[in-house]
Structures are given as C-alpha cells and as structure tokens.
Amino acid sequence: MSASYRGGVEFGVLGSVVAWDGEPVDLKGPRHRAVLARLVVARGRVVPAAVLVDDLWVEPPAGALSALRTFVAALRRAIEPDREPRTPAEVLVTEGPGYALRTEAVDAWRFEAAVQGSLPELLAGLALWRGPAYAEFADEGWALAERSRLNELRLRAVERVGEARLALGLAAEAVPDLDAHVTEHPWREDAWRLLALALYRSERQGDALAVLRRARETLVGQLGVDPGPALSRLETDILNQAAHLRPAGSVWAETAAMYDRVVGGTRARIESTVGLLRNLAVTGGGGLEAARGHRLAAITAAEELGDPDLTARVIGAYDVPAIWTRSDDETQAGAIVAAAERVLPTQDHPSIRARLLATIALESRGSRSPRAREAALEAEGLARGLDDPALLAFTLNGVFMQTCYRAGLAPERDAIGAELVALSQRHNLFTYEVLGHLIRLQSACARADHTAADEHAAAADALAARHELPLVAVFTRWYAALRDDTAESYRAAAASLAGAGMPGLSDGLLPLALAAHAIRHDQPIPKADYGPHTPWVIGSPNPPPGLLLETYWALTAHAARQSGDGKLLETAQAALAPAADEHAAGSGLLTLGPVASFLR
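Rules and cut-offs
Residues numbered from 1 in each chain as written. Predicted model: local features only at pLDDT ≥ 70, side-chain atom pairs only at ≥ 80, totals over all residues. Heavy atoms only, no water. Helix = DSSP H or I, 4+ residues; strand = E, 2+ residues; numbered from the N terminus. Rg over C-alpha atoms; globule rule 2.2 N^0.38 Å. Contact = heavy atoms within 4.5 Å. Areas by Shrake-Rupley, 256 points an atom, 1.4 Å probe, with all protein chains shown as cover. Lys, Arg positive; Asp, Glu negative; His and termini not counted. Charge placed at Lys NZ, Arg CZ, Asp CG, Glu CD. Pairing = 2+ DSSP bridges. Axes fitted to C-alpha atoms, helices over the stretch in contact; angles between N-to-C directions. Salt bridge = Lys/Arg side-chain N within 4 Å of Asp/Glu carboxyl O. Buried < 20%, exposed > 50% of the residue type's maximum accessible area, 1.4 Å probe, protein only. Expected span 1.5 Å × (residues − 1). Core = buried A, V, L, I, M, F, W, Y, C linked by side-chain atoms within 4.5 Å. Parallel < 35°, antiparallel > 145°, perpendicular 65-115°, else oblique. Left-handed = near helix turned anticlockwise from the far one by under 90°. Nonpolar A, V, L, I, M, F, W, Y, C, P; charged D, E, K, R; others polar. Patch = residues over 30% accessible without salt bridge, like charges linked within 9 Å, V, L, I, M, F, W, Y side chains within 5 Å. Phe/Tyr/Trp six-rings, centres within 6.5 Å; stacked < 30°, edge-to-face > 60°.

A separate point is the overall build of the protein. Within the protein one finds 28 helices and eight strands. Whereas a compact globule of 600 residues would reach a radius of gyration of roughly 25 Å, the protein reaches 27 Å, a difference of no more than 12%. Partitioning the intrachain contacts of the protein with sequence separation of at least 6 by distance along the chain shows that 61% fall at a separation of at least 24. With the model as given, the accessible surface of the protein reaches about 26400 Å², and the carbon-plus-sulfur share is 54%. Side-chain charges of the protein comprise 60 positive and 75 negative groups, with the mean position of each set lying 2 Å from the other.

Set out below in structure tokens:
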C-alpha cells in the first residue's frame, strides 16, 4: 500500500518493502518498517502500544515501550520532515493508548476501488502492484490475513480485466493474460472459463475446447475435483455454437445495421437516439457517461436543423431519474438548460412544455436561481392536468431536485418520494419506483428513522436486481456505510463509486464522510482533498442548495466554533434552525448526527 501526504509523497507495501515516496524506509532497521506496515494494516484504527510491542518482538525486552517510541519518532521525522518542532504529528499520530496513521491515499485502497471499476481503472489498479503485498513480513501473523485478502482481490482483478475485454469485444487481447493467469493459478475455474470463451470469440474453437480439456485434466489430476457446471456448460455450448456465446457488441452491431436500413431520415435518427441513450444511462457508469456525451450532441444536431419542435422533443425525451443534487457536468447541464429555454417559447402543448420545464429544473440542480424552482412547480402543475403518469413522475423528479433550498425540508421530499412509489407501482414505472424509495431513504435518514430507511434500501435493491439497474447499489452501499458509521465502512462504500460515472457524487465524498465521522467522534478533521466540499469543511457561509445543505451548515458551525467566529456560528445556527429536529444526514450517504448538537 502507499499513503500519500502533501505533494504526492507516499509509502508502499504492494511490493517487497515498506517505502516512503518510493524509497525503502530503512532508517535504523526492519522494526521501523514493521511499525509502519503494522499501522497500515490497521487501516486508520488505533493500534495500542502494547499490541505493537507484542508484534515487534517474540519476547519483548526490558524497555520495549521506550524503543517503540524511538521508532515512532524516527518514522515521524522521515515522513514529515518539514513539520515544525513541538507541533503535533499529522500522519503518524498518538491517540489514546497507541498510534494510528491518518492518511487516505493508500495504494491498496486505491487498488480495491479499481477492482470495481472499468477496464482502464482495473489496469491502473493492477499497475500499483510491485511485488507480493507485505513480502517483507510474510511470516508475521498480523500481516497474514491482509496478505491473503489482497492477493485474492488481485487474482479477481485479473479475471475482471478479462471480463471487461470480452464485454468490449477485445477477445484476442484477453487471451495472453488469461493464459498466463491459469498457468500460474490453475485452480481458478472462472479463469479457465474466461480463457476458453476468449479463444472461442477469437475464432479459435479448437483451442477453446483444448483449454477446457486441459482445465479438466488439471483440476482432476492436481486437485482431485471435477470441473464445475459452468465449465461443463461452456464446453457443450461451444460444441453447439450457441448463439448466446456471441459478444453483445455483435448483437448491437447487427441491430444498428438493421436500423440504418429501415430508418433513413435524419430527424427520425436524432429523435430515436434519445430513447437509446435513456436506456443506456441506467446500465452503469460507462453507459451513463456515454449517454451524457451523446445527449448534448443530439440536441445540438436538432437545433442545427432549425426544427424547434424536434429540438423540444429531443430535450424532453431524456427522462432519466436523477437522485443526486450536484451536476456531473455543469458545463453540459448549462448548455442543455440554455437550449431548453431557447425552444420553450415556441411550444404551446402542455406535455412538451412540462418536459422542457422539468428538464430545466433537473439540469439546474444546485442552482441558487429562483428560475429552477419556478420551472419545477410549473412543470408539475401542467403534468397534473394531463393523464400521463410517466410525465408526472418526471416532473416530480424536478420538484424533488429543487426541494433543497433551505434546511428542514426532508418531510416535503419524503412526500414526493411516497407519491412516486405509489404512482410507479400503479403504472409499472420501475425506475421511478426506485427513485421514490431512494428519496424516502434519504428522508428517513434525516429523521434518524433507520427502520424505515432499511425498508426503502431493501426495496430499491430488490427492484434494481429485478430490472438490472447497477447504479442503485452505489446509494444503498453508502447508506449501509452510514448505518455502520466507521471509517472502514465508508472506504468500502467508496469502492462502489469507481467507474460509476457520477463525478458530481464521487468527487470529495469519501474525505467528507471521514471528516463527518471524525467530528462525531470528537477527533480532528483529517487533512485531505475535499474537492467541491472544501469551502464548508473550513467554514464558509452560503452553501448551495442540495442534499448536503444541512451537512454544509453543520460543518460551518463546527468550523466557526473551532475558530471562535461568533458571527459565522450565529449565521450557521440560524440556517440550521428549521431542521432542529432532524439529523444532518439527509443525503443518505453520511451523517453529522443531530442538528440540535450544532445549535447549542
């Protein structure tokens, strides 16, 4: 692992020795490195000095605690060379009965996040490895479990690279790495399966069958076990040249080719593209990113044709449910809002106007302008006069997005969520049913009603599994982390954000959650890159509307108390007062506990 602190300085153990800034931490001997490695294994938790002594020596000598303090002092000089004398350490800190590392950029943690990501992220994560993890401490009991865990993750990452390449139609590129992988780890049945499938999709059916025979011989001969049903099924399917073995990309290509033959007009192509993008957006991170990029291109193409009716339909057709109140791409969102505003005066039909207004409300998330909320309410009013449940659900999404303009509005959002769930169940609008449950989950967190929140999380997960909506798990995993409320749980949840395609959600979220956790446990706020949340972590008034509004004001109140800024504290408390009976947890992702604690 490696831990970064200031300017990219790092230490690592995904290699042969513990290193700081890429150089071995030799100092006076291996026990210095052992102390550092032992603290990294603890993943930010305090390790009592007595435990460190037992881990360093089989039979601790007299004065072992004194020696440990000497090791710690030397490590601090090495990893914080610019720290002023007699100032508190910021990385290797003394806390209670022992020591802890306070740092976030750890290469093993970055690797764990990459395992959940796209192909480039997987490859970048594997590139962090420079040798066996904790190789220098292979015989130490305290390193054994972590070594095993990381090694299993590494093997799975290699297989996920193979899966990703197959999904992208890069079967031939997947073969060499998978072949080496099964040679080195012949007990990995899924690796054999992926290798055979990669060979088959590379027009090498004979080689694919030979690999499956080799897998059977290896498993039976070396391990004494028969191949599992997945390998047996694959052999039968290859012999039968089953259609489902063809890559999804070829099916898509055939469908696209048919579409090209049937649909000839430019206007029809542009309009129907939005329907495809709408479906693509809910398939996962890569799909969401692709949909965002192509959506603006479709709007631009419609405008260039000089057809305001087409432009209005293209803009309004992208009714993808939205749960997070910070934009993933503010420049693009602004361009979409501008296009909607340009075409709105040309449209008289209430349905089309409602869709344009709802789009303005959704794409103006986080805006301080009253126009966004006005557009949301006007869209809702129009939709309620029409017999169109899907349109009403879309406009309610816009109203939800604009119901964060002051603290204490969780009950209003809960009512929107309840209506979405009921409406969606009546009319089979499953994506909006998921949205309704997630909104209600957030509101329940603000009320600290975790029984209700658990129910809504379970309902959202069940719908996501039934309808293949992978992005839902990002929010339910973060809710599970809020429930657990440990630094480790938040770090685990952060792994789900890798490749999710939601930078508006992910940027700075893990450091923010850890800062909230530190405040709740009366600990110093860690030094970290808080990204867009930085102004309110350090204490700044006037945060933007959004699901983090109460969190921002609570952080500002905390910073004002720490600095003795009475005027800023008074401002923050006045803003928080409407939420006095709530928790600063309305995001459903992290919590600062009762708002009342910041009003005293």
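In this section: the sheet that holds strand 7 (residues 98-101). Two orientations exist for strands paired in a sheet by backbone hydrogen bonds: parallel and antiparallel. The strand order 5-7-6 describes an open sheet built from three strands, whose pairing is antiparallel. Only two strands of the sheet have a single neighbouring strand rather than two, namely strand 5 (47-48) and strand 6 (92-95). Lying on the sheet, helix 3 (residues 64-79) is in contact with strand 6 and strand 7; it crosses strand 6 at an angle near 140°.

This part takes up the pattern of salt bridges. In a structure, side chains of opposite charge can pair up when their charged atoms sit close to one another. Following the criterion strictly, the structure yields 31 salt bridges and no others. Here E90 makes a salt bridge to K527, at a shortest N to O gap of 3.5 Å. One end of the pair, E90, is in the loop between helix 3 and strand 6; the other, K527, is in the loop between helix 25 (509-520) and helix 26 (534-537), and 437 residues separate them in sequence. When its relative accessible area of 58% is taken as the criterion, K527 is described as exposed. Ionic contacts of the salt-bridge type, sharing partners, join the residues E152, R156, E159, E163, R188, D190 and R193 into one network.

Moving on, we come to helix 9 (residues 205-223). With 19 residues, helix 9 extends 26 Å from end C-alpha to end C-alpha; this agrees with the ideal 27 Å at 1.5 Å per step. With its phi angle positive at about 70°, G224 sits one or two positions after the end of helix 9.

Our focus in this paragraph is unusual backbone geometry. The phi dihedral of E203 is positive, around 65°, even though this residue is not glycine. Looking at the secondary structure, you find E203 in the loop between helix 8 (189-201) and helix 9. In this structure, E468 takes a positive phi of about 55° despite not being glycine. Counting through the fold element by element, E468 comes out in the loop between helix 21 (450-467) and helix 22 (472-484).

This part takes up the nonpolar core. Generally speaking, nonpolar side chains in soluble globular proteins are found buried as a group. The biggest cluster of nonpolar side chains holds 112 residues, and the ones touching the most others in it are W478, Y490 and L505. Dropping the residues within four chain positions of it, Y490 is found in contact with W478, A481, L482, D485, L510, A513, L514, H517, L589, L590 and T591. L39, F71, L126 and A164 belong to the second largest nonpolar core, which has 44 residues in total.

Below, the discussion takes up the pairing of strand 7. Here strand 7 shows no split at all, with G98 and A100 on one side and Y99 and L101 on the other all buried. Pairing analysis gives two bridges linking strand 5 to strand 7, with the strands arranged antiparallel. Bridge pairing in strand 7 places P48 opposite G98. The pairing of strand 6 with strand 7 spans four bridges and is classified as antiparallel.

With that settled, consider helix 8. For helix 8, with 13 residues, the first-to-last C-alpha span of 19 Å sits near the 18 Å given by 1.5 Å per residue. Listing the buried residues of helix 8 in full gives A191, W192, L194, L195, A196, L197, A198, L199 and Y200. A positive backbone phi angle near 65° is found at E203, which sits one or two residues after helix 8.

All right, on to the packing of helix 18 (residues 389-401) against helix 19 (residues 410-427) then. Close contact between helix 18 and helix 19 brings their axes to 10 Å; oriented N to C, the two are set at 165°. Relative to helix 19, the element helix 18 is oriented roughly antiparallel. Remark: the crossing between helix 18 and helix 19 carries left-handed chirality. Counted together, P389, L392, A393, L396, V399 and F400 of helix 18 and R413, I416, E419, L420, L423 and H427 of helix 19 form the full contact between these two elements. Taken together, the residues that form the contact of helix 18 with helix 19 break down as nine nonpolar, one polar and two charged.

Let us look at the side chain of E235. Within the element layout of this structure, E235 appears in helix 10 (residues 229-239). Non-local contacts of E235, meaning those with residues more than four positions away in its chain, are made with L209, L212 and R216.

With that out of the way, let us pick up a nonpolar patch on the surface. Together, W187, L223 and V225 line one region of the surface with nonpolar side chains, adding up to about 290 Å² of accessible area. Position of L223 among the secondary structure elements: in helix 9. L223 gets classed as partly exposed once you look at its relative accessible area, which sits at 47%.

Following the criterion strictly, the structure yields five aromatic pairs and no others. On the numbers, 6.1 Å between centres and 25° between planes, the contact of W57 with F71 is stacked. Within this pair, whereas W57 is found in the loop between helix 2 (49-56) and helix 3, its partner F71 is found in helix 3, the two being separated by 14 residues in sequence. Under the relative-accessibility criterion, W57 is labelled buried at 10%. Centre to centre, the rings of F137 and W142 are 5.4 Å apart; their planes meet at 40°, and the pair counts as tilted.

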